[in-house]
Amino acid sequence: MGSKRAMLGNGLGEALNGMVGRHKRFIDLFTGSASVAWHVAERYRIETWAFDLQRYSAVLAGAVIQRDSAADPVELWNDWLRPATSRFDAFGALAPSDIDASFVKEARNWSNQFDKSSLVYAYAGHYYSPVQAAWIQALRDTVPASSPEREICLAALVIAASKCAASPGHTAQPFQPTDTALKYLQISWHRDLCADVQAALGQITPLHAQVAGEAHVGDANQIALQLRPGDLAFIDPPYSAVQYSRFYHVLEAIAAGVTSPVFGVGRYPPLNERPSSRYSQKTTSLPAIKELLASLAQRDVSAIITFPDHECSNGIDASMIKSAASKLFKVKTQSVTSVFSTLGGPASKKHGPRLARLSADEMILCLEPK
Ligand SMILES: C[S@@+](CC[C@H](N)C(=O)[O-])C[C@H]1O[C@@H](n2cnc3c(N)ncnc32)[C@H](O)[C@@H]1O
């Protein structure tokens, strides 16, 4: 998952520290892996809200920012495991002694017996082994019904599923059992999904907000229309011309618990069911950010924006954002070196297209109402 986590210790943490205390609410408009929403909610007595077009992002954010006390990971796991185990057993998942091309074929045949809307049909034999996919479905079907247990367990499942996915970084396409990729598929399929879920519960449960906030699926530009003076918006929009939903569709389906019938090697749901962002299209990204800035300025909302300082594949760079923002806000700028994900898109001539992470300068813009 792409994340601002590293930058929190490299300039962004200081920028937040300088501004959060003077505001009443912190609003992460493009929360992604929720690293910034978690950071602020945990450290400051400020109500933190988080939004994203993607459901799995709202799940991750909600698991921490909607709670103001710690939870017990062992009790959570034991209560969840009981119903999940009988559900898992009912799948009769194939467990191999050897993971080779013929087992991958067998796994795909096995998954075909299940309902086309199920996660087992969609992903067993592709992103996950039959055992992993059966656990994902069993655990998803039995997540606790009440809050905050529900949000914590869902987030732990998303984190574990992200770790186990047999794909290069993001879930754009699974590894195939070829001479070169089989070893990567084997490493992923050998992972113990339940151990990863327990580890994620151990990571999430001690974290909590100082003041409980909320996380929702939402479009940043729509949410901005509901903000008010005293709000501090955090803006970390897409910089790629490839839609995020191309890379996170598996986590989206796990967050939802079901999927529409999938197709192609990538096991995608139909295009019209995947969230689509104006920020990930070259012709609409700049108008979208300008519209967002205008809405925030009209409502006397402050903001912190992070963006790479070179032109990105969606056609914008930090200086374009800065020049639009300067007409509406008092702007302070800081430049930091960070590592960011290319989402597998065109990286650089030097490193080739498959490099998933790049080191580059990124700008932090701090905006205050004029
Ligand atoms: C660069 S990532 C954010 C990363 C995040 N700050 C983190 O630390 O993980 C951009 C995010 O914006 C989301 N997104 C794209 N367009 C959006 C929109 N119009 N409204 C809300 N979220 C959007 C994407 O789904 C993606 O999760």
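Please read all numbers here as calculations on a predicted model, not as lab measurements.

Parameters and conventions
- Residue positions are given per chain, counted from 1 along the sequence in the order it is written.
- With pLDDT at 70 or above as the cut-off, local features in this predicted model cover only qualifying residues; side-chain atom pairs require 80 or more to be listed or tallied, and sums for whole chains, interfaces and linings still use all residues.
- Side-chain figures throughout are based on the complete set of non-hydrogen atoms in the structure, without hydrogens or water.
- Working definition: residue near molecule or strand if any one of its non-hydrogen atoms lies within 4 Å of it.
- Polar contact criterion, stated in full: a pair of N or O atoms within 3.5 Å, where within protein one must be able to donate a hydrogen and the other to accept it, and residues adjacent in sequence count only if both atoms are side-chain atoms.
- Note on residue categories: nonpolar means Ala, Val, Leu, Ile, Met, Phe, Trp, Tyr, Cys or Pro, charged means Asp, Glu, Lys or Arg, and polar means any other residue, Gly included.
- Domain start and stop positions are those given by an automatic or database domain assignment.
- Accessible area that two parts lose when put together, with a 1.4 Å probe and added across both, is what the buried area reports.
- A pairing counts as a salt bridge when a side-chain nitrogen of Lys or Arg comes within 4 Å of a carboxyl oxygen of Asp or Glu.
- Secondary structure elements are taken from DSSP: a helix is a run of H or I of four residues or more, a strand is a run of E of two residues or more, and numbering for both begins at the N terminus.
- For every residue, the accessible area obtained with a 1.4 Å probe (protein chains only) is divided by the maximum for its type, and the residue is called buried under 20%, exposed over 50%, and partly exposed between those limits.
- It is the directions from the helix axis to the C-beta atoms that the arc portrays.
- We call two residues in contact whenever any of their non-hydrogen atoms come within 4.5 Å of each other.
- Every axis in this analysis is a line fitted to C-alpha atoms, fitted for helices over the stretch in contact. Angles between the N-to-C directions lie between 0 and 180 degrees.
- To sort the angles, those under 35 degrees are grouped as roughly parallel, those over 145 as roughly antiparallel, those from 65 to 115 as roughly perpendicular, and the leftovers as oblique.
- Centres within 6.5 Å are what make two rings of Phe, Tyr or Trp a pair, Trp counting through its six-membered ring; a difference in plane orientation under 30 degrees is then read as stacked, over 60 as edge-to-face, and the rest as tilted.
- Charge-over-ring placement is defined geometrically: NZ (Lys) or CZ (Arg) within 6 Å of the ring centre, and within 35 degrees of the ring normal.

**Thoughts on the site of the ligand**
Stage number 1. With respect to spatial proximity, 21 residues lie near the ligand, and among them Ser-33, Ser-35, Asp-52, Asp-236 and Ser-277 are the closest.
Stage number 2. For the ligand, an oxygen atom lies 2.9 Å from a polar atom in the backbone of Lys-4.
Stage number 3. Taken together, the residues that form the shell around the ligand break down as 8 nonpolar, 9 polar and 4 charged.

**Quick look at the domain arrangement of the chain**
Stage number 1. For the chain, the assigned domains read domain 1 (5-69 + 215-241 + 281-369) and domain 2 (73-204).
Stage number 2. Computed over C-alpha atoms only, the centres of domain 1 and domain 2 are separated by 31 Å.
Stage number 3. Where domain 1 abuts domain 2, roughly 900 Å² becomes buried across the two surfaces, and 75% of that area is made up of carbon and sulfur atoms.
Stage number 4. Viewed at the interface, domain 2 and domain 1 are joined by 0 salt bridges.
Stage number 5. Applying the counting rule to domain 1 against domain 2 returns 1 residue pair in polar contact (both at pLDDT 80 or more).
Stage number 6. It is helix H3 (residues 55-65) that contributes the most residues to the side of domain 1 that touches domain 2, 7 residues altogether.
Stage number 7. Considering only residue class, the side of domain 1 that touches domain 2 consists of 7 nonpolar, 3 polar and 2 charged.

**Topic: the pattern of salt bridges**
Stage number 1. Applying the stated criterion across every chain yields a total of 8 salt bridges.
Stage number 2. As a salt-bridge pair, Asp-236 and Lys-4 come within 3.0 Å of each other at their nearest N and O atoms. Highlighted residues: Asp-236 in the loop between strand S4 (231-235) and helix H12 (245-256) and Lys-4 in the segment before helix H1 (5-20), separated in sequence by 232 residues. Per residue, the accessibility class of Asp-236 equals that of Lys-4, and both read buried.
Stage number 3. Salt bridges here are not isolated pairs; linked through shared partners, they connect Lys-4, Asp-236 and Glu-362.

**Focus: helix H9 (residues 182-189)**
Stage number 1. Of all the positions in H9, only Leu-182, Leu-185, Ser-188 and Trp-189 are classed as buried. For H9, the angular spread of buried residues about the axis comes to 125°, placing them on one side.
Stage number 2. Among the structural elements, helix H5 (101-111), helix H7 (130-141) and helix H8 (149-164) are those in contact with the buried residues of H9.

**Thoughts on the environment of Lys-327**
Stage number 1. With respect to the secondary-structure elements, Lys-327 resides in the loop between helix H14 (318-326) and strand S6 (329-341).
Stage number 2. Given a relative accessible area of 63%, Lys-327 falls into the exposed group.

**Focus: the packing of H7 against helix H10 (residues 193-204)**
Stage number 1. Across the interface, H7 lies against H10 with an axial gap of 9 Å and an inter-helix angle of 45°. Classified by the interaxial angle, the pair formed by H7 and H10 is oblique. Between H7, through Gln-132, Trp-135, Ile-136 and Leu-139, and H10, the contact on the second element is made entirely by Leu-193, Cys-194 and Val-197.
Stage number 2. Taken together, the residues of the contact of H7 with H10 sort by class into 6 nonpolar, 1 polar and no charged.

**Quick word on helix H2 (residues 35-43)**
Stage number 1. Of all 9 residues that make up H2, 7 are buried, and the element is covered over most of its length.
Stage number 2. Of the residues making up H2, those classed as buried are Ser-35, Val-36, Ala-37, Trp-38, His-39, Val-40 and Ala-41.
Stage number 3. Contacts from the buried residues of H2 go to H1, strand S1 (25-28), strand S2 (47-52), H3, H10 and S4.

**A closer look at the packing of aromatic side chains**
Stage number 1. Overall, the coordinates contain 13 aromatic pairs when judged by the stated rule.
Stage number 2. Ring plane angle 80° and centroid distance 5.9 Å describe the contact between Trp-77 and Trp-80, whose orientation is recorded as edge-to-face. Placement of the pair is Trp-77 and Trp-80 together in helix H4 (residues 73-91), with a separation of 3 residues, close to one helical turn. For the pair Trp-77 and Trp-80, a shared accessibility class is recorded, and that class is buried.
Stage number 3. Among the aromatic residues, those joined into a ring-pair cluster are Tyr-56, Tyr-244 and Tyr-248.
Stage number 4. Of note, Arg-25 hangs over the ring of Trp-49, and the distance from its end group to the ring centre comes to 5.4 Å.
Stage number 5. When the ring centre of Tyr-121 is taken as origin, the NZ or CZ atom of Arg-267, which lies over that ring, is 5.7 Å away.

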